[in-house]
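# What the coordinates show
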Amino acid sequence: MPQTTDAAAASVHGPKPDRPRRRPRVHRAWWVAAVTFVTIIGAAAFRSLPGILIDPLHQDFGWSRGTIGAAVSVNLALYGLTAPFAAALMDRFGIRRVVAVALTVIALGSGATVWMESAWQLILCWGLLVGLGSGSMALAFAATVTNRWFTERRGLVTGVLTAASASGQLIFLPLLSWIVETYDWRPAAVTVALAALAVVPFVWLLLHDHPADVGLAPYGADEFVPKPAPVPGAARRAVTVLFSAARTGPFWLLAGTFAICGASTNGLIQTHFIPAAHDHHMPLTTASSLLAVIGIFDVVGTIASGWFTDRFEPRRLLAVYYALRGVSLLFLPLLLAPSVHPPMVFFIVFYGLDWVATVPPTLALCREQYGEDSAIVFGWVLASHQVGAALVAFLGGVARDRFGSYDVVWVASGALCAAAALMALVIRRRTAPAAGLS
């Protein structure tokens, strides 16, 4: 009789779901997003340092700005080229292990710079080690967390996690510039190493790889999603996805626009704004504070962009973002001065709102076009972002050595942004979500 009753109950109510009956009031996905946010903030310290170090390293070692820019360009290029492999490695070994190792490599590379004496050591420590570690902490990390833990509010969560990098910049830029001016650049490098190491315990203890690890469905999902088996051949999968995506037109348009995004943000403003302002006799701490203010409004702009992406056409958003950015860059040479005036404040606020507002719509387009492979495709698109940043980080330093100012770099970058706006508008629309390429 009990067996008959159980069978009857099963036939009426269906099989017992493979998840707990009681759900927490706050879905665990939001706690994972919070840990990810803090992790990206801690790792963002390394992104604050290159622009601050250009003049001190030039004075300390006599290296040209082009040489220092070459080390920064290696860092930026590896940051991007590692990202798609990091996304695949997260599928194979889990988010927690990959991110913990990446933070440790960042700390090692940053800390080792205090003993360097030659330019090749700067390229090795800051370019190679920090570049590889930071590449594994790139936006593919945020994309993987968002794809696994959320089916609703993805645009908003993407915006928040992207803004975490700007928040880290906001926290560390004034502190690091004060350390450099008061003491030396070496204590600043050690601070970056310690910040990366401090986040490792949070990652190891609190960052779960998948909702199934805690018996939950992704946020917004109607059904429980089993944890997929580890995917072998991470590097092969990353390359396979690249070759498949490269046969489609939208990939090249997304990669091209994002390369220009990197050229006009990480490569240009983040690397060269502080030395350019210093050329106009603006104090280091003042220029660093302005860059930190960009970080404040970047948080607002990126979260707002995530909200817009959930509601408006991503292609049109990208076109507007790039067009406005290009116009603002054309005015920047007229605004640099020894002190801060209202027009410069307006530029900083405006540029901050637009800084990485391009990320949520770009990721949304990757998800629309490439489905389950979107995180890896976005990793390759991010690689193009960093290659563009690397080129301008290097060429900007060369232009400064050659022409004695950055004016030509501002104008050229403004023209590139106009081209990116046109490219965004011609990305074809996919009527149904892609199932994946691999």
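A few points on the structure. (Residues numbered from 1 in each chain as written. Predicted model: local features only at pLDDT ≥ 70, side-chain atom pairs only at ≥ 80, totals over all residues. Heavy atoms only, no water.)

### What to know about the state of the cysteines
Rule in force here: Only a pair of cysteine sulfur atoms within 2.5 Å counts as a disulfide in this structure description. Relative accessibility thresholds used throughout: buried, under 20% of the residue-type maximum; exposed, over 50%; partly exposed, between the two (1.4 Å probe, protein chains only).
Going through the model one piece at a time under the given rule, you end up with zero disulfides. We note that cysteine 417 lacks a disulfide partner, and the nearest cysteine sulfur, in cysteine 261, lies 8.1 Å from it. By relative accessible area, cysteine 417 is classed as buried at 0%.

### Let's talk about helix 4 (residues 65-93)
Quick reminder of the rule: For the purposes of this entry, the term helix denotes a DSSP run of H or I that reaches at least four residues, the term strand denotes a run of E that reaches at least two, and both are numbered from the N terminus. One less than the number of residues in a helix, times 1.5 Å, gives the span that helix is expected to have. In this scheme, the bend at a residue equals the angle between the axes fitted to the seven residues that finish there and the seven that begin there.
Taking 1.5 Å per residue, 29 residues should reach 42 Å; helix 4 reaches 39 Å between its end C-alpha atoms and fits that length. Taking the largest bend as the criterion, helix 4 deviates by roughly 35°, centred on alanine 83, and proline proline 84 comes between one and four positions later. Immediately downstream of helix 4, the backbone of glycine 94 shows phi near 100°, a positive value.

### A few points about the packing of aromatic side chains
The cut-off we apply is this: We call Phe, Tyr and Trp rings a pair once their centres come within 6.5 Å, taking the six-membered ring for Trp, and we label the pair stacked below 30 degrees between planes, edge-to-face above 60, and tilted otherwise.
One pass over the structure, following the stated rule, counts 12 aromatic pairs. With a centroid separation of 5.8 Å and 70° between ring planes, the pair formed by tyrosine 351 and tryptophan 355 is classed as edge-to-face. Summarising the burial analysis for this pair, tyrosine 351 and tryptophan 355 share the class buried. Connected via pairs of aromatic rings, a cluster forms that spans Phe61, Trp63 and Trp185.

### A short note on the environment of tryptophan 185
We count it as follows: Contacts: residue pairs with any heavy atoms within 4.5 Å of one another. N or O atoms closer than or at 3.5 Å make up a polar contact, with two conditions inside protein: a donor-capable atom paired with an acceptor-capable one, and, for residues adjacent in sequence, both atoms drawn from side chains.
Tracing the backbone through its elements, the reader meets tryptophan 185 in helix 9 (residues 185-206). As a C-alpha pair, tryptophan 185 and leucine 53 span 132 residues in sequence and 6.8 Å in three-dimensional space. In this structure tryptophan 185 touches Leu53, Pro56, Leu57, Asp60, Phe61, Thr113, Val114, Met116 and Val180, once residues within four positions along its chain are discounted. Only 2.9 Å separates the side chain of tryptophan 185 from the side chain of aspartate 60, close enough to count as a polar contact.

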